[in-house]
Protein chains: 2
Amino acid sequence: MKLIKYPERRDWPELLKRPALNTESLFDTVRTIIDKVKEEGDKAVREYEALFDKVTLQTIIVSPEEMEKGIASVSDELKSAISLAKRNIETFHSSQRFVGEKVSAANGVTCWQKAVGIEKVGLYIPGGTAPLFSTVLMLAVPAKLAGCKEIVLCTPPDKEGNVHPAILFAAWLAGVDKIFKVGGVQAIAAMAYGTETIPKVYKIFGPGNQYVTAAKQLVSLRDVAIDMPAGPSEVEVLADDSANPAFVAADLLSQAEHGVDSQAMLITTSEKLQTEVVAEIERQLANLPRKEIAEKSLNNSKLILVRDIEEALELTNAYAPEHLIIETRDYQKVAEDVVNAGSVFLGSLTPESAGDYASGTNHTLPTNGYAKAYSGVSLDSFIRKITFQEILPEGLRNIGPAIEEMAANEHLDAHKNAVTVRLNALKEMN
Amino acid sequence: MKLIKYPERRDWPELLKRPALNTESLFDTVRTIIDKVKEEGDKAVREYEALFDKVTLQTIIVSPEEMEKGIASVSDELKSAISLAKRNIETFHSSQRFVGEKVSAANGVTCWQKAVGIEKVGLYIPGGTAPLFSTVLMLAVPAKLAGCKEIVLCTPPDKEGNVHPAILFAAWLAGVDKIFKVGGVQAIAAMAYGTETIPKVYKIFGPGNQYVTAAKQLVSLRDVAIDMPAGPSEVEVLADDSANPAFVAADLLSQAEHGVDSQAMLITTSEKLQTEVVAEIERQLANLPRKEIAEKSLNNSKLILVRDIEEALELTNAYAPEHLIIETRDYQKVAEDVVNAGSVFLGSLTPESAGDYASGTNHTLPTNGYAKAYSGVSLDSFIRKITFQEILPEGLRNIGPAIEEMAANEHLDAHKNAVTVRLNALKEMN
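Residues numbered from 1 in each chain as written. Chains lettered and ligands numbered in written order. Predicted model: local features only at pLDDT ≥ 70, side-chain atom pairs only at ≥ 80, totals over all residues. Heavy atoms only, no water.

Glancing now at the pattern of salt bridges. Applying the stated criterion across every chain yields a total of 48 salt bridges over all chains. In this structure, the salt-bridge partner of Glu24(A) is Arg222(B), at a minimum N-O distance of 3.8 Å. Pair noted here: Glu24(A) is in the loop between α1 (12–15) and α2 (27–40) and Arg222(B) is in the loop between α9 (210–220) and β8 (225–226), and the two residues belong to different chains. Lys36(B) is paired through a salt bridge with Glu47(B); the nearest N and O atoms lie 3.2 Å apart. Of this pair, Lys36(B) sits in helix α2 (residues 27–40) while Glu47(B) sits in helix α3 (residues 42–52), and the two are eleven residues apart along the sequence. By relative accessible area, Lys36(B) is classed as partly exposed at 26%. Salt bridges sharing partners connect three or more residues here, namely Glu24(A), Asp28(B), Arg31(B) and Arg222(B). (Salt bridge = Lys/Arg side-chain N within 4 Å of Asp/Glu carboxyl O. Helix = DSSP H or I, 4+ residues; strand = E, 2+ residues; numbered from the N terminus. Buried < 20%, exposed > 50% of the residue type's maximum accessible area, 1.4 Å probe, protein only.)

Before going further, it helps to examine the interface of chain B and chain A. Accessible area lost during the coming together of the parts is what is often quoted as the interface size. In this assembly, 126 residues from chain B lie in contact with 126 residues from chain A. Together, the buried faces of chain B and chain A total about 10,800 Å²; carbon and sulfur atoms form 59% of this surface. A per-residue breakdown of the area chain B buries against chain A is headed by Gln389(B), Met406(B) and Arg422(B), which together make up 7% of the total. Connecting chain B to chain A are ten salt bridges. The salt bridge partner of Glu327(B) is Arg422(A), with a shortest N-O separation of 3.5 Å. For the pair chain B and chain A, the interface holds 70 residue pairs in polar contact (both at pLDDT 80 or more). (Contact = heavy atoms within 4.5 Å. Buried area = accessible area lost by both parts, 1.4 Å probe. Polar contact = N/O pair within 3.5 Å; in protein donor to acceptor, adjacent residues only side chain to side chain.)

The subject of this paragraph is the sheet that holds strand β7 (residues 203–205) of chain B. All names here are of chain B. A sheet is described by the order of its strands in space; here five strands give the open sequence β6-β5-β4-β7-β8, paired in parallel fashion. Strands at the two margins of the open sheet, each flanked by one partner only, are β6 (178–180) and β8. Along the sheet, helix α6 (residues 133–146) contacts β4 (120–124), β5 (150–154) and β7; its crossing angle with β5, the most-contacted strand, is approximately 165°. Taken strand by strand, helix α8 (residues 184–193) contacts β4, β5 and β7, and its axis lies near 175° from that of β4. (Pairing = 2+ DSSP bridges. Axes fitted to C-alpha atoms, helices over the stretch in contact; angles between N-to-C directions.)

So, on to the relation of the copies chain B and chain A. Structural alignment of chain B on chain A gives an RMSD of 0.0 Å, achieved by rotating through 180° and translating 0.0 Å along the axis. Such a combination of turn and shift is consistent with a two-fold rotation axis. When the interface residues of chain B are mapped onto chain A, 100% of them again lie at the interface, so the same face is used by both copies. (Least-squares fit on C-alpha atoms with pLDDT ≥ 70 in both.)

Okay, the environment of Asp240(A) next. Residue and element names in this part refer to chain A. Considering the arrangement of structural elements, one finds Asp240 in the loop between β9 (234–239) and α10 (245–256). For the pair Asp240 and Gly184, spaced 56 residues apart in sequence, the C-alpha to C-alpha distance is 43 Å. Aside from chain neighbours lying at most four places away, what touches Asp240 is Thr268, Thr269, Ser270, Leu273, Ile309, Glu327, Thr328 and Arg329. Separated by 3.0 Å, the side chain of Asp240 and the backbone nitrogen of Arg329 make a polar contact.

A separate point is helix α6 (residues 133–146) of chain A. All names here are of chain A. Taking 1.5 Å per residue as the helical rise, α6 with its 14 residues ought to reach 20 Å, and the 20 Å between its terminal C-alpha atoms agrees with that figure. Taken across its 14 residues, α6 has 13 buried, putting it largely inside the fold. Trailing α6 by a residue or two, Gly147 shows a phi angle of about 90°, which is positive. (Expected span 1.5 Å × (residues − 1).)

This is the structure in structure tokens:
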């Protein structure tokens, strides 16, 4: 942890620097795997599973029997927690449904947008020590609500060829159509191009390591859409002297345990809080199972003391955190001036964990300052808004001459002519 | 033009193939220019302008005097046409404003989304023979409506160092803040990283040649968002025997004149129409100034006869055209089953030109089949939806235990602890 007091504005850029990402350097490695899967399909997928996940798969798809067995082995407590989270995510994302209204900018000209679900989507759920069943909900629930016709999920199996039961349960509950025991670059390639078993999708969602990220970027250059560029997770707590140091420390630690490259920042107007949070972190850290990871990650942490809330907000907007927790007396007012953040948590009883799991908001959010240009995943991520327009005779008479004038000035005479032939036909009819 | 009658379904993929895009092969060339602009700023920009646009610039920014002089030289007819188009674009895009509602999935838990404009956006307008002032409107009008604080525009100047007056007028009318006389890869690099004169932006919009496209893709891997991947423009007309062959021919030609790689498709249930459209194209083509381009582009054109409207729709959804014109008797009903398209034009009096210029819809649309996963540019493209949440004591008691259960099962104990410390504090308070 670095304690910083009243930094000068010229030092802000250095202060807010994130660890550099360079997925481009992995493109060559990743391209080889992608090309092989594209050419050889399931055969290549199996070979890479044997190589990287050390597993020889009989079947790539999770069978109904595996599904049933897996679901049965999840505890009732966890099932009910996942079900509660699913309901809340569903409620919040349902409220995001878009219904376009018909608009007439000119008489006889009607335009509107219509939301249509992306037909085929692919969800990637990483493996590793922690089974990210919460991410299954965050991606599959809105996909289902959006009306996506085919929702496929790829996740690496363990060495025995099994997928974690909680992932199977969450996928079943959220309405995933097919689950494949495939991970890494080979999973991204399979969903981007399709194999004999794994369907090609139009958009790929989900987190992953740097190779998965590089693969998503590479296939997104031409062949398939992706949710957003990815980077290490991060949180900023913006707090004044009313904040509870134990809560702030817990929030910073819950980010730090994610990975050694995670970043947890405190921006505060209270020197007392800055000091107390350090002590609380030390105290809470001692009891954490993922202490080692958190300790390393805390090397990236900065606890920054600033002059006032205005400065805290400016620094926050310059940082554009993925998660922003505001623990100040007048947090509603402070929140109004947030312009760059992924998801904002208001008040002392709203930890990031709530949004990570069960309050209903999505936890797939823009990292690495991408919040300046990107939104987190929402129902929007699974739809397209198609525009429609209908022009009646009166409408063409109203806007036709302007179209002709503009097209002529852009030297696009056939564009002009498409209006002229119609206006002439209308004249003849009269 | 290729006339195809009743193709077999197995031949569809071949039939719907587009010219291959490979911007990746340009990455090395483009990277050199980007890196130089990133390092040397305005100096490099001037050098590349001299090299590529054959112009020595005194100042990169368009001065107020240039602006005034340019605007004064635009004819009143064109000014009034552009103003009409601007009003309609403004009306339609205003209707797209998003206001998030507060949602309580559980008692004491409130979540909402808030739309916030992207603070800095960059618009790229290509040079060449045709001054694309219509694209200025399509990008700058929604940017302004979205509340973007800084809207900059880059466009290559002519050999005398001037920008086309109609571009200046459209930019002024739409509220662009700064216009720079810079084109090509150097313009994209300057907006992605900033120079002494040109501000760094968070998202870059606009069409361009293959080098501009490659540059946008390369900078979007890490440093700045872009509107969408680009490809050659395309139109599909879906028509039955009620369609007017002269209108259909005019629509196909207005796409064909865009460029030699444009694609114009007809999918029809009427053999008579298929024949008549060919004759009409020959007739209309003779009078077009851009005849040569259109003729070459028509080599990519396919006029496909199918068995019925259902088959026409399936083929259409498999193609996912950028522009889709539906000229059938019951076009409203047919439109209901369109799931993959950028923008849809309904009935015989609704040419693509209307949406290209003045009906109010946006003309920046997904090409190359990207309509399967992407929407066209809209007000959404210029905002982010930030999520907010506030949890009260009752709310934490409601969802806290589920969060604890889920976090524990994902082996994220600090996430659990961020809830536990708060639930304990609530207990102590009682």
